[in-house]
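Fold and contact review
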Amino acid sequence: MIDVRPFASLGGANHGWLDAKHHFSFANYYDPKRESWGKLRVWNDDTIAPNTGFPPHPHRDMEIITYVREGAITHQDNLGNLGRTEAGDVQVMSAGTGIQHAEYNKEDVTTRIFQIWIQPNRTGEKPSWGARPFPKGERSGRFVTLASGFANDDDALPIRTDARVLGATLKAGETAVYPLGKARRGYLVPATGAVEIDGQRVNARDGAAISDEETLTVTALEDSEIVLVDAA
């Protein structure tokens, strides 16, 4: 089953420095039909103005994955971590027992990110942060695991949950296949372009909530950059 959620139907708020769109209930946006998708709790599509950002604030007991679509984001936290994550790259923050962090766009251009929150399998562990580049050429024509809670995904950033975050870049006409499994849930968003899944078109920044699909087959209608979450 594929439930396409058009970008125009998303909740959100424009704060001037931040234009946020919410795929799921978040902050002042509430939709009882869009509270979560399995363990996937938040998927925010954030546009951050130059030289602005999120000031220090706390989190706990959540896996927070940031996929940078344009520009760059600079992270700093009370553990002493400091890092800059550029477009196409990924950072992961395991909030654990508690962490205070800030995320700033220190660039002179607009930064656009997907901010994804997934509920952890376990709590009571120390918080952590990490980031790494994922060159788009390495995921050309196929899905590559960016973050994972599974032990065999050695090249991915670790998360403390039974889930994967994957990325793919497809040329128009290319198809990528992912073995989702009927017991799993997928949520797919094209960062750019447009794709087709089971005969349904999913445009840039639309969401596709996927369930009861043994194999996920995605065909690019245009050159596309795709992010997929596979969650329990």
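Structural data are supplied above this passage.
Everything in this summary refers to the structure shown in the same document. (Residues numbered from 1 in each chain as written. Predicted model: local features only at pLDDT ≥ 70, side-chain atom pairs only at ≥ 80, totals over all residues. Heavy atoms only, no water.)

Moving on, we come to the environment of Thr74. You can see Thr74 is positioned in strand β7 (residues 72-77). Accessibility expressed as a relative area gives 8% for Thr74, which makes it buried. With 85 residues separating them along the chain, Thr74 and Ile159 place their C-alpha atoms 20 Å apart. When near neighbours in sequence (up to four residues on either side) are disregarded, Thr74 contacts Leu82, Gly83, Arg84, Ala102, Glu103, Tyr104 and Lys106. (Helix = DSSP H or I, 4+ residues; strand = E, 2+ residues; numbered from the N terminus. Buried < 20%, exposed > 50% of the residue type's maximum accessible area, 1.4 Å probe, protein only. Contact = heavy atoms within 4.5 Å.)

Right, let's get into the environment of Val92. With respect to the secondary-structure elements, Val92 resides in strand β9 (residues 90-94). As a C-alpha pair, Val92 and Ala131 span 39 residues in sequence and 6.2 Å in three-dimensional space. Here Val92 is in contact with Ile64, Ile65, Ser128, Trp129, Gly130, Ala147, Leu157, Pro158 and Ile159, once residues within four sequence places are set aside.

Each aromatic ring pair is specified by the distance between its two centres and by the angle formed by the two planes. Scanning all chains against the criterion turns up 7 aromatic pairs. Taken together, the ring pairs in this structure connect Phe24, Trp43, Tyr67, Phe114 and Tyr187 into an aromatic cluster. The ring of Trp37 carries the charged tip of Arg5 above its face, separated from the ring centre by 5.7 Å. Lying over the aromatic face of Trp37, Arg185 brings its terminal NZ or CZ to 4.6 Å of the ring centre. (Phe/Tyr/Trp six-rings, centres within 6.5 Å; stacked < 30°, edge-to-face > 60°. Lys NZ or Arg CZ within 6 Å of the ring centre and 35° of its normal.)

Turning our eyes to something else, we now look at the sheet that holds strand β5 (residues 52-59). Within a sheet, adjacent strands bond to each other through the backbone by hydrogen bonds, running parallel or antiparallel. If you walk across this open sheet you meet the 4 strands as β5-β10-β7-β8, and the pairing is antiparallel. Strands with a single pairing partner mark the edges of an open sheet, and in this sheet they are β5 and β8 (82-86). Direction aside, the axes of adjacent strands within the sheet are offset by 20° on average. Relative to strand β10 (residues 99-105), β5 runs antiparallel, the two sharing 6 bridges. Along β10, the bridge assignment pairs His57 with His101. (Pairing = 2+ DSSP bridges. Axes fitted to C-alpha atoms, helices over the stretch in contact; angles between N-to-C directions.)

A few words on empty space enclosed by the protein. Evaluated as defined, the whole model comprises 1 cavity of 30 Å³ or more. In this structure, the largest cavity spans a volume of roughly 40 Å³. Forming the boundary of the largest cavity are Asp61, Met62, Glu63, Gly96, Pro120, Arg122, Thr123, Gly124, Glu125 and Arg160. Class assignment of the residues belonging to the lining of the largest cavity gives a composition of 2 nonpolar, 3 polar and 5 charged. (1 Å grid on protein atoms, 1.4 Å probe; cavity = no way out; pocket = protein on both sides within 12 Å on 5 of 7 lines; lining within 4 Å. Points joined across faces, edges and corners; volume = space filled by probe spheres on them. Nonpolar A, V, L, I, M, F, W, Y, C, P; charged D, E, K, R; others polar.)

Strand order in the open sheet formed by 7 strands is β2-β3-β4-β11-β6-β9-β12, and the pairing between neighbours is antiparallel. Since the sheet does not close on itself, it has two edges, and those belong to β2 (11-14) and β12 (128-132), each with one partner. In this sheet, adjacent strand axes meet at a mean angle of 15° when their direction is disregarded. As defined by bridge partners, strand β4 (residues 40-48) adjoins strand β11 (residues 111-118) across 8 bridges and the pair is classed as antiparallel. Note that in β11 the partner of Asp46 across the bridge is Ile113.

The next subject is the pairing of strand β6 (residues 63-70). Of all 8 residues in β6, 7 are buried, a share of seventy percent or more. For β6 and β9, the ladder comprises 5 bridges, and the chain directions are antiparallel. Bridge pairing in β9 places Tyr67 opposite Val90.

What follows covers the pattern of salt bridges. The final tally for this structure, using the stated rule, is 16 salt bridges. The partner of Asp230 in a salt bridge is Arg164, and the shortest N-O contact between them spans 3.9 Å. With Asp230 in strand β22 (residues 224-231) and Arg164 in strand β15 (residues 163-170), the pair connects residues that are 66 residues apart, well separated along the chain. Its relative accessible area of 2% is what places Asp230 among the buried residues. Arg164 gets classed as buried once you look at its relative accessible area, which sits at 17%. (Salt bridge = Lys/Arg side-chain N within 4 Å of Asp/Glu carboxyl O.)

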